[in-house]
Amino acid sequence: MRLFYILILGLGLFTSGISQAKRPIVLSTASIFNDMAQQIGGDHFSYDMIVPIGGDPHIYDPIPNDVQKCVTADLILKNGLTFEGWLAELIENSGTKARQVLITQGIKPIQALTQHNSTDPHAWMDAHNGLMYAKNIRNALVALMPSDSQDIELRYQAYKSSLEQLDEYIKLKIQSIPPEKRILITSHDAFQYYGQRYGIRLEAVLGITTDADVQTGDILRLNKVIKENKIPAVFLESTINGKLLEQVAADNHIVIGGKLYSDSIGDSTSPAPSYYAMLKHNTDVITTALLRENTTSHQSTTRANPWYYWIAGLVLLAALVYFIISKVGQSKS
């Protein structure tokens, strides 16, 4: 009897393994799209991504294992808009037969401010655009598994509703910031879609890609913006070294408002383990920091006023003279 149960258990594990193996593989180029696919596709698919969580897709260098991922994939979800400059060569080298779907179809791209004839790839930073991403992913998943279309549609509708609510939430939060304080300074120019949708001005050290060199003019421009608008905080990004922006903050005597997520979601222990959580976390951090009072003006006036030093020096000199006179008087007595 014991042997019978062992055989039944083994058979169950074996058939489960076959079932798992038969699930179509959905490969996303980045973690944001991988999360979207999982929210919509549920258990009907297996999921993988090329750029790992925390990686920078702009400067990613594919590894041999990525070739194998492409070979075994049934569907590849890509952003386009100059985001994955390394992808075409990777796919060509792999010889994959997977269907490739551009999930930014239907989205009006923003032209890059610094790169000529280039588009800004960060369309997902606008939750309203996120609805188009979700629709394109839904359509791709249904085409891959028509037999599961009903459940995929139910999951899509629930996800769509959550993104619509998120879009409204972000609008209200940003509107709570006084208009003159709605200036967001980040490491690279990943928030233009966010800014256009929700009404906030964007400034960044780098352009839309992180592989450019920082120019002295970029730093001077940021310093000017901070001083003229009394900006209370600047923001780091999870995938970019923040030393340069930290120095900008120190030079201007303002704070780091927090860490934002733009090109990658966070891991399961982070405050942004999903696309939804990423945009909500960013909005909460931005709102809290930009509602701070900027004390830079008062501090710099105090430091720059020479009368402050003259008065302090006279007080110290008077105290020293008084001390010497007291000692002389004591010695004579």
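Criteria and cut-off values
Residues numbered from 1 in each chain as written. Predicted model: local features only at pLDDT ≥ 70, side-chain atom pairs only at ≥ 80, totals over all residues. Heavy atoms only, no water. Pairing = 2+ DSSP bridges. Helix = DSSP H or I, 4+ residues; strand = E, 2+ residues; numbered from the N terminus. Axes fitted to C-alpha atoms, helices over the stretch in contact; angles between N-to-C directions. Contact = heavy atoms within 4.5 Å. Salt bridge = Lys/Arg side-chain N within 4 Å of Asp/Glu carboxyl O. Buried < 20%, exposed > 50% of the residue type's maximum accessible area, 1.4 Å probe, protein only. Core = buried A, V, L, I, M, F, W, Y, C linked by side-chain atoms within 4.5 Å. Phe/Tyr/Trp six-rings, centres within 6.5 Å; stacked < 30°, edge-to-face > 60°. Lys NZ or Arg CZ within 6 Å of the ring centre and 35° of its normal. Arc of directions from axis to C-beta. Polar contact = N/O pair within 3.5 Å; in protein donor to acceptor, adjacent residues only side chain to side chain. pLDDT = per-residue confidence, 0-100.

What follows deals with the sheet that holds strand E1 (residues 25-28). Across the sheet, which stays open at both edges, the 4 strands sit in the order E2-E1-E3-E4 with parallel pairing between neighbours. Only two strands of the sheet have a single neighbouring strand rather than two, namely strand E2 (46-49) and strand E4 (99-102). Mean inter-strand twist for the sheet, computed between neighbouring axes without regard to direction, equals 25°. Across 4 bridges, the pairing between strand E3 (residues 75-78) and E4 is parallel. The residue bridging Leu77 from the neighbouring strand is Val101, located in E4. Across the face of the sheet, helix H3 (residues 64-72) comes into contact with E1, E2 and E3 while running at roughly 135° to E1. Each of E1, E3 and E4 touches helix H5 (residues 127-144); the most contacted strand, E3, lies at about 170° to it.

Quick look at the pattern of salt bridges now. Taken as a whole and assessed by the stated rule, the structure comprises 10 salt bridges. Between Arg201 and Glu203 there is a salt bridge, with the nearest N and O atoms lying 3.0 Å from each other. For Glu203, a relative accessible area of 13% gives the class buried. Here Lys280 ties to Asp284 by a salt bridge, and the two come within 3.0 Å at their closest N and O atoms.

This part takes up the environment of Leu222. In this structure, Leu222 sits in helix H8 (residues 216-229). For the pair Leu222 and Val205, spaced 17 residues apart in sequence, the C-alpha to C-alpha distance is 7.5 Å. Here Leu222 is in contact with Ile185, Glu203, Ala204, Val205 and Leu245, once residues within four sequence places are set aside.

Core analysis: the biggest nonpolar cluster contains 54 residues, and Leu77, Trp124, Tyr194, Tyr275, Met278 and Ile286 have the highest contact counts within it. Elements that contribute at least two residues to this core include exactly helix H2 (31-41), E3, H5, helix H6 (149-175), helix H7 (192-198), strand E9 (233-237) and helix H10 (275-290). Apart from residues lying up to four places away in sequence, Trp124 is in contact with Ile32, Phe33, Asn79, Phe83, Tyr133, Ser262, Asp263, Tyr275, Met278 and Leu279. Residues Ile185, Ile219, Ile226 and Leu245 belong to the second largest nonpolar core, which totals 14 residues.

Before going further, it helps to examine the packing of aromatic side chains. Taken as a whole, this structure holds 8 aromatic pairs when the rule is applied. On the numbers, 5.8 Å between centres and 10° between planes, the contact of Phe33 with Tyr133 is stacked. Of this pair, Phe33 sits in helix H2 while Tyr133 sits in helix H5, and the two are 100 residues apart along the sequence. Each member of the aromatic cluster is reached from another via a ring pair, and the members are Phe33, Phe83, Trp124 and Tyr133. Sitting over the face of the ring of Tyr156, Arg138 holds its NZ or CZ atom 4.3 Å from the ring centroid.

This brings us to helix H9 (residues 243-251). Of all the positions in H9, only Leu245, Val248 and Ala249 are classed as buried. On an axial view of H9, the arc spanned by its buried residues comes to 100°, and they lie on one face. Of the residues one or two after H9, His253 is the one with positive phi, at around 55°.

Below, the discussion takes up the side chain of His122. Topologically, His122 is positioned in the loop between strand E6 (119-120) and H5. Classification of His122 by relative accessible area gives buried; the value is 0%. Polar side-chain contacts of His122 include one of 2.8 Å to the side chain of Asp120.

As for its placement among the helices and strands, Leu260 is situated in strand E10 (residues 255-260). The class of Leu260 is buried, set by a relative accessible area of 0%. Separated by 22 residues in sequence, Leu260 and Asn282 place their C-alpha atoms 5.4 Å apart. Among all residues touching Leu260, those that are not within four sequence positions of it are Leu184, Thr186, Phe191, Phe235, Leu236, Glu237, Ser238, Asn282, Val285 and Ile286.

It is worth spelling out the confidence of the model for the chain at this point. Summarising the model, the chain shows a mean pLDDT of 85, and 77% of its residues fall at 70 or more. Confidence drops under a pLDDT of 50 for residues 1-19, and excluding neighbours within four residues, the segment shows 0 contacts in the predicted structure. Confidence drops under pLDDT 50 across residues 296-309; counting only partners more than four residues distant or on other chains, this segment forms 8 contacts.

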